[in-house]
Amino acid sequence: MRAMACAALLPAGAAWSQTATPDGSTEALDVKQMDTLVVQGEIAYRNRTDDIAPVLRFDLEYFQRFEPNTVGDMLKRVPGVGFVGSDIMEYDGAQLRGLGGGYTQVLINGKQVPGAGDDRSFYVDRIPAEMVDHIEIKRSASANRSGDAVAGAINIVLRDAYVFDGSYVRVGVNRWFDGEVNPTFGAVTSFEGLGGRLLAGFNVQDRYRRKDKRSDRFTDNTMEEKTSWEDQTEIKDGRDYSANLSYVTDIGENGHLSIDGFYVKTDRDVSEVSYEEEFDDGETINSRVPGLDPYDQKNYGIAAEYKFDMAGGTTKLSLDHARFENEQATTEGEEVFVSGPENWDNTWSIDGAEWDETTFEAEAVSAKDSETGFTLAHMRPVGHTEMEFGLDYRTKKRDSLVTSYEWEADEQGQVPNFPADYELNGSVASRIEEDRLDPYIMFSSKGDFFSWEAGLRYETTRSDVEYIEDDASKGRVSKDYSELLPSVSLRWDVTDADRINLSLARTVKRPNFNELVPALLDGEFGDNDYVGNPELNPEIANGLDLGFEHRLGSKGVVGANFFYRDVKDLIEIVNTGEPSQEMQKTWEDMIDDGDAVDLDDAMAQEPAESWLYTSDNVGDGHVYGFEFDLSTPLSAFGWDDTGVFVNYSWVDSKVDDFMGERRFNEQARYVYNIGFIQDLPTVAASFGVTYRKQGDAKSRVLGEEAIVRYGAELDAFVEKRFGERFSMRLSANNLLDASKDEFFDKFNTQADQIARDYHEYELETESAGPSYQLVARWAF
């Protein structure tokens, strides 16, 4: 995992003619000198790759003039990448083709990494943009890569010591709409030493975001009767540190060794305060709800790879270990005041109200996720083809512990200290272990006009899930499964400018972690309970990608792609037939109070309306869409110094659930980007604008339906270059002050949801205002 150097901020320029690519091949390089990274004399466009399987490649220079801080900021300009669920102006859980979590694979230098999400997602906003060499969008699967990439894969390729030579620093400052100012600093150096080359980088970046949110709640979707409202201010304030060291050297005449280590630390406090007002049964209830969520997250790892010629071919040995740790302690309180109906309005006030209660709840969360991988592979020519075969071994262990606390005030004005004043309210823990052993074989051939690759990958998985409640184990469940994943890709170079790609591949999506843990969650879906299912199988998808690409002049490219995925064994929520804990308690109370003779009598008088649900492999789904992208200078009009960028993705899908047909949850219907960069060579300056819009995304689960809508984003930059080694850029984000708007239909039971008998209808909107960044770069 030599790419796991994911913490270096700002890499360096190069003086080597060749380098090992993330897939293990060796290719000639266009050497990037340090001054060209700091002072860009030309506009960068999407690169056309020589891969047989369909791949889009975007170098850092494609993004850099807009001064992205993180990989998430970069990906929002890439075709087909959406961010549904992220807060406004945040880009963490990336989605390809509207499918997030375990459907979209995130790689760093071709390797998988552990992340924070229960849905196996990796938050891409943890990686500083400056450490990236380029980003690849792998639209289809190949046998020499893990098959859990139903929607495709995002490969974040980092710079390493083999490519760059020199040093530079980056110093900047961000200003937010509320006046907050935060600094950022990064430095990197790369040089010859210890018989090879070394790269060392360090980055510190203050992270800040204020968000204002408004919620209005009604009895139903007619919005004729409002029942409550809420104003909330949330502030995320913290600092990210990252560092890495990379060492590469040639051994003998044909050996190459690389060793990399990285460390990323995120310290962040999320503070919020909400002011809520509710009208219930003739009373006005005003609540002040303060919350604090400080967390400390760490990513670190080490990797080594050795390549050498052997037996007429090339052999590769690689070993990597990566780890994610999260420690946080969340507290949330509620101070309640009650008054008469005369205080019911849109202004929060406790004048004339009586204090009712003050309560606090807290959760201490500890999570550790580690992955260790080993790969043995051999590549050799066989006749007119190239054969690659190998064995991937990967072991994963994920431990989590959640401890709950509670506190109640005796009188008004009391505030608890955590954890001294709180009472323990239980704990739940889980351990999930996965061991994988995946042999594969692949053949490929490249010709002047026609190229192909075909392969088989056999993925075997053993999972063990243990659930522990209040320090007592509730049992351990083991599950074994295996899948044969064939893949084939064809590339036809019709002319020097025109290319057609066709790919067919089978991929998998493993169950989310929270779907596997057999913990009973009371009232998880309205009045309904939920328990995980450790016996789940992975989802299986058969996919097709058909694309066309045309070269425009010497720099531009335009492409179109159609894709289709047929997903089997879809994991959906199903009714176990067992009544919920609330219903069982209702029946027990009826018997205790003498209102029912026995359980059968209680059930006859009060039939069950809420149930225990779980996850199961019960459905099929279909995903399909069209993708277009254009990246070119306007040389045809004589405007060589004007570059335009356009991409558009339209997606749709079909899934059957308990209410009928719907799309995949949280799948945006479309996402597009339009932008331009104008270079002014005579004054050594440039400027540019990019506009982005993402379509509505819908979701439907038991007890709740939602629509998520994001406003349009407008970003811009102005750059001035001074000589060949110094530049300054002023960039602006969210100039249109986009908002995130959500619409929730809420129900207590499945029967209520089908009958449209509302528990509540809620409108929620959040905004974060524009931000500005001034950055200076100096190469030396």
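Everything here concerns the structure above.
Here the structure is a predicted model, which means the values were calculated and not measured.

S.K.: So what exactly am I meant to see when it comes to the sheet that holds strand 3 (residues 55-59) here?
M.R.: As a general point, the strands of a sheet are linked pairwise by backbone hydrogen bonds and lie either parallel or antiparallel. On the basis of which strands lie adjacent, the open sheet formed by five strands has the order 3-8-9-6-7 and mixed pairing. Taken across any chain shown, the strands that pair with only one partner, and hence form the sheet edges, are strand 3 and strand 7 (111-112). Bridge count between strand 6 (residues 104-108) and strand 7: two bridges; the pairing is antiparallel. Its bridge partner lying in strand 7, Leu107 is registered against Gln112.

S.K.: Please explain the environment of Trp639 as it appears in this structure.
M.R.: Locating Trp639 in the fold gives a position in strand 28 (residues 639-657). The exposure class of Trp639 is partly exposed, given its relative accessible area of 49%.

S.K.: What's the story with the nonpolar core in this structure? I'm lost.
M.R.: What tends to happen in soluble globular proteins is that the nonpolar side chains get buried as a cluster. Counting residues in hydrophobic clusters, the biggest one holds 46 residues, and the most contacted among them are Val71, Leu75, Val124, Ile135 and Ile156. Of all elements in the fold, only strand 3, helix 2 (60-64), helix 3 (71-75), strand 6, strand 8 (132-138), strand 9 (152-158), strand 26 (556-579) and strand 28 reach the threshold of two or more residues within this core. If we ignore the near neighbours within four places in the chain, the residues touching Leu75 are Val81, Phe83, Ala94, Val124, Ile135 and Ile154.

S.K.: Any chance you could explain the pattern of salt bridges here in plain terms?
M.R.: If charged atoms from side chains of opposite charge come close, those side chains can pair. Taken as a whole, this structure holds 82 salt bridges when the rule is applied. In this structure, the salt-bridge partner of Glu549 is Arg48, at a minimum N-O distance of 3.0 Å. Within this pair, whereas Glu549 is found in strand 25 (residues 539-552), its partner Arg48 is found in the loop between helix 1 (34-38) and strand 3, the two being separated by 501 residues in sequence. Relative accessible area serves as the criterion here: at 18%, Arg48 is assigned to the buried category. For the salt bridge of Asp652 with Arg669, the shortest nitrogen-to-oxygen distance reads 2.9 Å. Here the residue Asp652 occupies a position in strand 28, and Arg669 occupies one in the loop between strand 30 (667-668) and strand 31 (670-680), the gap between them amounting to 17 residues. Judged by relative accessible area, which is 14%, Asp652 ranks as buried. Its relative accessible area of 28% is what places Arg669 among the partly exposed residues. Each of Arg65, Glu67, Glu130, Arg170, Asp679, Glu719, Arg721, Arg729 and Arg777 takes part in one network of salt bridges that share partners.

S.K.: Please clarify how a negative patch on the surface should be interpreted in this entry.
M.R.: Side chains of Glu332, Glu334, Glu361, Glu363, Glu406, Glu408, Asp410, Glu411 and Glu423 sit close together on the surface and give a patch of like negative charge. When residues of the negative patch are traced back to their parent elements, those giving at least two are strand 16 (313-339), strand 17 (354-382) and strand 18 (385-408). Relative to the assigned elements, Asp410 resides in the loop between strand 18 and strand 19 (423-446).

Basis of the calculations
- Residues numbered from 1 in each chain as written.
- Predicted model: local features only at pLDDT ≥ 70, side-chain atom pairs only at ≥ 80, totals over all residues.
- Heavy atoms only, no water.
- Pairing = 2+ DSSP bridges.
- Helix = DSSP H or I, 4+ residues; strand = E, 2+ residues; numbered from the N terminus.
- Buried < 20%, exposed > 50% of the residue type's maximum accessible area, 1.4 Å probe, protein only.
- Core = buried A, V, L, I, M, F, W, Y, C linked by side-chain atoms within 4.5 Å.
- Contact = heavy atoms within 4.5 Å.
- Salt bridge = Lys/Arg side-chain N within 4 Å of Asp/Glu carboxyl O.
- Patch = residues over 30% accessible without salt bridge, like charges linked within 9 Å, V, L, I, M, F, W, Y side chains within 5 Å.
- Areas by Shrake-Rupley, 256 points an atom, 1.4 Å probe, with all protein chains shown as cover.
- Lys, Arg positive; Asp, Glu negative; His and termini not counted.
- Charge placed at Lys NZ, Arg CZ, Asp CG, Glu CD.

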